Amino acid sequence: QNYLDNFWPDLKAAHELFDSIVQARRERESESQENHGKEYPEHLPVEILEAGIKSGRYLQGTLSVNKHRAQLEAFVRLQGFGSKDTG
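Starting from 1, residues in each chain are numbered consecutively following that chain's sequence as written. Selection of residues for local features in this predicted model requires a pLDDT of at least 70, selection of side-chain atom pairs for listing and counting requires 80 or more, and totals for whole chains, interfaces and linings are taken over all residues. Each side-chain value is derived from all of the structure's non-hydrogen atoms; neither hydrogens nor water enter the calculation.

Asker: Looking at this structure, I do not really get the overall build of the protein. What am I missing?
Answerer: Helix numbers and strand numbers start at the N terminus; a helix is a DSSP run of H or I with at least 4 residues, a strand a run of E with at least 2. Along its length, the protein carries three helices and two strands. Listing every helix and strand of the protein by position from the N terminus yields α-α-α-β-β. Accessible area is worked out with a 1.4 Å probe on protein chains only. A residue is then buried under 20% of its type maximum, exposed over 50%, and partly exposed in between. Counting all 87 residues of the protein, 3% fall into the buried class. Considering only contacts within the protein whose residues lie at least 6 apart along the sequence, 0% involve residues at least 24 apart. Shrake-Rupley sampling with a 1.4 Å probe provides the accessible areas, and residues are treated as covered by the protein chains on show and by no other component. As displayed, the protein offers around 8,300 Å² of accessible surface, 53% of which is attributable to carbon and sulfur atoms. Residues are treated as being in contact if the distance between any of their heavy atoms lies within 4.5 Å.

Asker: Got a minute to help me understand the packing of aromatic side chains in this structure?
Answerer: For any pair of aromatic rings, geometry is given as the distance between the ring centres together with the angle between the planes. Ring geometry is summarised as follows: Phe, Tyr and Trp rings, the Trp one being its six-membered ring, pair when their centres sit within 6.5 Å, and such pairs are stacked at plane angles under 30 degrees, edge-to-face over 60 and tilted between the two. Scanning the entire structure with this criterion turns up one aromatic pair. Measuring from ring centre to ring centre gives 5.2 Å for Y3 and F7, while their planes differ by 40°; the resulting arrangement is tilted. Note that Y3 and F7 are positioned in helix α1 (residues 2-7) at a spacing of four residues, about one turn of the helix. Comparing Y3 with F7 shows no difference in burial state: the two are exposed.

Asker: So what exactly am I meant to see when it comes to the pattern of salt bridges here?
Answerer: Any two side chains of opposite charge can pair, on the condition that their charged atoms come close. One side-chain nitrogen of Lys or Arg within 4 Å of one carboxyl oxygen of Asp or Glu is enough to make a salt bridge. For the structure shown, the criterion picks out three salt bridges. The residue E16 makes a salt bridge to K12 at a minimum N-O spacing of 3.8 Å. Highlighted residues: E16 and K12, both in helix α2 (residues 12-34), separated by four residues, approximately one helical turn. Judged by relative accessible area, E16 falls into the partly exposed class, the value being 45%. One salt bridge connects E29 with R25, and the closest N-O pair in it is separated by 3.3 Å. Residue E29 and its partner R25 are both found in helix α2; the two are separated by four residues, about one turn of the helix.

Asker: Any chance you could explain a nonpolar patch on the surface here in plain terms?
Answerer: Residues form patches when they are more than 30% accessible in relative terms and have no salt bridge. Like charges link within 9 Å. Nonpolar side chains (Val, Leu, Ile, Met, Phe, Trp, Tyr) link within 5 Å. Judged by side-chain polarity, Y3, F7, W8 and L11 come together as a nonpolar surface patch covering roughly 480 Å² of accessible area. As for its position among the elements, L11 is in the loop between α1 and α2.

Asker: Is there a simple way to explain the side chain of H15 in this structure?
Answerer: Note that H15 resides in helix α2. Contacts described as polar in this section are N or O atom pairs within 3.5 Å, which, within protein, must combine one atom able to donate a hydrogen with one able to accept it, while residues neighboring in sequence count only if both atoms come from side chains. In terms of polar contacts, H15 uses its side chain to reach the backbone carbonyl oxygen of W8, at 3.0 Å.

Nothing here speaks to function; it is geometry throughout.
Dropping the structure here:
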């Protein structure tokens, strides 16, 4: 803010962009506090997920994403299954 005020006081677009970024950051921090520090809200409570895993309704695994082609390549490695058993 100081940099913009001191060196670019007449550049309205830069000031509006800065204000927008500050607002988005405040909203994200507020949401993070509401979610107890978690970036994303949980879809189901932990208790339900644990019960579902124990009953066999849900499967537990690890998501692996290709860092170079993240939007195109990812797979889930299921726990308790050999690599040949997963699809």
